[in-house]
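Observations on the model geometry
The chain contents come next:
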Amino acid sequence: MVLLLQPVTFNSDVNVNPKCKPSPVPVPVIDLTNPDAKTDIVKACEELGFFKVVNHGVRPDLLTQLEEEANKFFALSLSLKEKAGPPDPFGYGSKRIGSSGDMGWIEYILLNANHHLSFTKTTAVFQQAPAIFREVVEEYMEEMKGMASKVLEMVEEELSIEPKEKLSKLVKVKESDSCLRMNHYPEKEEPPDKEEIGFGEHTDPQLVSMLRSNDTEGLQICLKDGSWVSVPPDHSSFFVSVGDTLQVMTNGRFKSVRHRVLTNTKRSRLSMIYFAGPPLTEKIAPMSCLVPEQEEGLYKELTWSQYKSYCYKTKLGDYRLGLFEK
Ligand code: GA4
């Protein structure tokens, strides 16, 4: 295996983080076919902002195919991959995350689910790869849109959200501003056992994110007490994270989960994350059915476009939700 990335240096010393618990947290497991799933999802979103989905119905060979095609892309020469970069934010990127100086031990492809919005970079990615990659990505995005809508429909039912489909419609409509990120954290030989930041701590700005990875560890989530815990990898399941937009719309009842990826392994990590976002013009504010009578919502109203533009100007670890606070 050729090492594609140069080592990057970081100020934050993740090796000696006294707050990182050695034992993994018991992540709530939601069986999507279980009639009680909606109650369990709401509990998990309130307590952790994070859960694992099993019995999701996505055909296993689609997962294998996408993983194989993504691995083939990342195995291309750097000069070929760079034809699909630099990210604008879509396209191929390596080491640099966003435009505010964040770095990571990572290379990635970011694709907009709304093709016509990022036509050039999407085309450039797929020009470097066989047609099958594009077909697999498109089918996968459809599946992820379906899973995100299903999770949000369950939330709507359990919380008796009015108007009906308020949340799930946002990710179903063709204007939804969703994206797919394929992250490759190359294996590390040297120095042994030194943890490196793959993807620095952050919360996702969107509604919900669905993550699937190969069987390599690295993902950590932050608990309410500020401690970090490792999430054991499970390549046949999906991990769902609550994003900032869902925190605002539920008036803070759900919490967006801070998470990060650390790499210290000789095995490379590959993860695919679908970020389900609302249409750009959608007004994001607490849903009135979740704001107690005689009280005001905790957050003011912003369009997704306003919040997203603000996010893209910030650093990964910044507390972005402050923009919504009254
Ligand atoms: C985090 C979630 C998604 O990966 C992402 C990221 C985006 C990017 O990589 O360009 C951001 C980050 C993410 C939030 C703050 C800004 C924008 C990098 C960054 C420093 C695609 C997204 O939507 O927001």
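Remember, it's a predicted structure, so these values are computed and weren't measured experimentally.

Attention now goes to the overall build of the chain. A count of helices and strands for the chain gives eight helices and 14 strands. Partitioning the contacts of the chain with sequence separation of at least 6, the portion at a separation of at least 24 is 75%. Carbon and sulfur atoms provide 52% of the accessible area of the chain, an area that totals close to 14700 Å².

With respect to the helices and strands, the residue Arg260 is situated in strand E11 (residues 259-263). A polar contact is formed between the side chain of Arg260 and the side chain of Gln220, at a distance of 2.8 Å.

Attention now moves to the sheet that holds strand E8 (residues 219-222). What holds strands together in a sheet is hydrogen bonding between their backbones, with the strands either parallel or antiparallel. Taken together, four strands build an open sheet; the order of strands is E6-E11-E8-E9 and the sheet is antiparallel. Of all the strands in the sheet, the pair left with one neighbour each is strand E6 (196-202) and strand E9 (228-230). In this sheet, neighbouring strand axes are inclined to one another by 25 degrees on average, regardless of whether the strands run parallel or antiparallel. Looking at chain direction, E8 and E9 are connected through three bridges and run antiparallel. From the neighbouring strand, Cys222 faces E9, where its bridge partner is Trp228.

Right, let's talk about helix H8 (residues 304-313) for a bit. Because an α-helix packs 3.6 residues into every turn, residues spaced three or four apart end up facing the same way. Every buried residue belonging to H8 is among Trp304, Tyr307, Lys308 and Cys311, and all of these are buried. Mapping the buried residues of H8 onto a view down its axis gives an arc of 100 degrees, with all of them on the same face. Buried residues belonging to H8 abut helix H7 (244-249), strand E13 (283-284) and strand E14 (302-303).

What follows deals with the nonpolar core. Core analysis: the biggest nonpolar cluster contains 67 residues, and Phe133, Met182 and Met210 have the highest contact counts within it. The greatest single-element share of this core, amounting to 12 residues, is contributed by helix H5 (residues 131-158). Setting aside residues no more than four positions away along its own chain, Met210 makes contact with Met144, Met147, Ala148, Val151, Phe238, Phe239, Val240, Met272, Ile273 and Tyr274. Counting residues in each nonpolar core, the second largest holds 23 residues, with Val27, Leu48, Phe50 and Phe275 among its members.

Here we take up the site of the ligand. Taken together, 15 residues lie around the ligand, and Arg181, Gln206, Phe275, Cys311 and Tyr312 are the ones closest in. Expressed as a share of its isolated accessible area of 450 Å², the protein-covered part of the ligand is 98%. Taking a 2 Å distance to the grid points as the criterion, the majority of the atoms of the ligand fall inside the largest pocket. Listed by contribution, the elements that provide at least two residues to the shell around the ligand are strand E4 (102-112) and H8. Of the residues in the shell around the ligand, the class split is seven nonpolar, four polar and four charged.

In this model, helix H2 (residues 60-74) (15 residues) spans 21 Å end to end at C-alpha, consistent with the 21 Å of a helix rising 1.5 Å per residue. For H2, the full list of buried residues reads Leu62, Leu63, Leu66, Glu67, Glu69, Ala70, Phe73 and Phe74.

This part is about the state of the cysteines. One way to say it: the disulfide is the covalent bond shared by the sulfur atoms of two cysteines. Under the defined criterion, the tally for this structure stands at zero disulfides. Unpaired in terms of disulfides, Cys45 finds its nearest cysteine sulfur in Cys289, a separation of 15 Å. Take Cys45: its relative accessible area is 2%, and that puts it in the buried class. Cys179 takes part in no disulfide bond, and the closest cysteine sulfur, belonging to Cys311, lies 11 Å away. Overall, Cys179 belongs to the buried group, its relative accessible area being 7%.

On to the layout of surface pockets, then. In this structure, the largest pocket occupies an estimated 710 Å³ of space. Around the largest pocket sit 34 residues that line it, and Ile97, Gly98, Tyr108, Arg181 and Tyr312 are the ones nearest its centre. Broken down by element, the lining of the largest pocket gets its largest block of residues, six residues, from strand E3 (residues 91-97).

Here we come to the environment of Arg212. Looking at the secondary structure, you find Arg212 in strand E7 (residues 208-213). Overall, the relative accessible area of 4% leaves Arg212 in the buried class. Spatially, the C-alpha atoms of Arg212 and Phe238 are 5.0 Å apart, while their sequence positions differ by 26 residues. Beyond its immediate chain neighbours, meaning those up to four positions away, Arg212 contacts Leu63, Glu67, Tyr140, His235, Ser237, Phe238, Leu270, Ser271 and Met272. A polar contact is formed between the side chain of Arg212 and the side chain of Glu67, at a distance of 2.9 Å. Of note is the side chain of Arg212, whose polar atom sits 2.7 Å from the backbone oxygen of His235.

With that out of the way, let us pick up the confidence of the model for the chain. Do not read the fine detail of predicted coordinates wherever pLDDT is low. For the chain, per-residue confidence averages 90 on the pLDDT scale, and residues scoring 70 or more make up 90% of the total. Across residues 1-18, confidence stays below pLDDT 50; counting only partners more than four residues off in sequence or on other chains, it has 33 contacts.

So, how was this worked out
Residues numbered from 1 in each chain as written. Predicted model: local features only at pLDDT ≥ 70, side-chain atom pairs only at ≥ 80, totals over all residues. Heavy atoms only, no water. Helix = DSSP H or I, 4+ residues; strand = E, 2+ residues; numbered from the N terminus. Contact = heavy atoms within 4.5 Å. Areas by Shrake-Rupley, 256 points an atom, 1.4 Å probe, with all protein chains shown as cover. Polar contact = N/O pair within 3.5 Å; in protein donor to acceptor, adjacent residues only side chain to side chain. Pairing = 2+ DSSP bridges. Axes fitted to C-alpha atoms, helices over the stretch in contact; angles between N-to-C directions. Buried < 20%, exposed > 50% of the residue type's maximum accessible area, 1.4 Å probe, protein only. Arc of directions from axis to C-beta. Core = buried A, V, L, I, M, F, W, Y, C linked by side-chain atoms within 4.5 Å. Near = heavy atom within 4 Å. 1 Å grid on protein atoms, 1.4 Å probe; cavity = no way out; pocket = protein on both sides within 12 Å on 5 of 7 lines; lining within 4 Å. Sits in = over half its atoms within 2 Å of the grid points. Nonpolar A, V, L, I, M, F, W, Y, C, P; charged D, E, K, R; others polar. Expected span 1.5 Å × (residues − 1). Disulfide = S-S within 2.5 Å. Points joined across faces, edges and corners; volume = space filled by probe spheres on them. pLDDT = per-residue confidence, 0-100.

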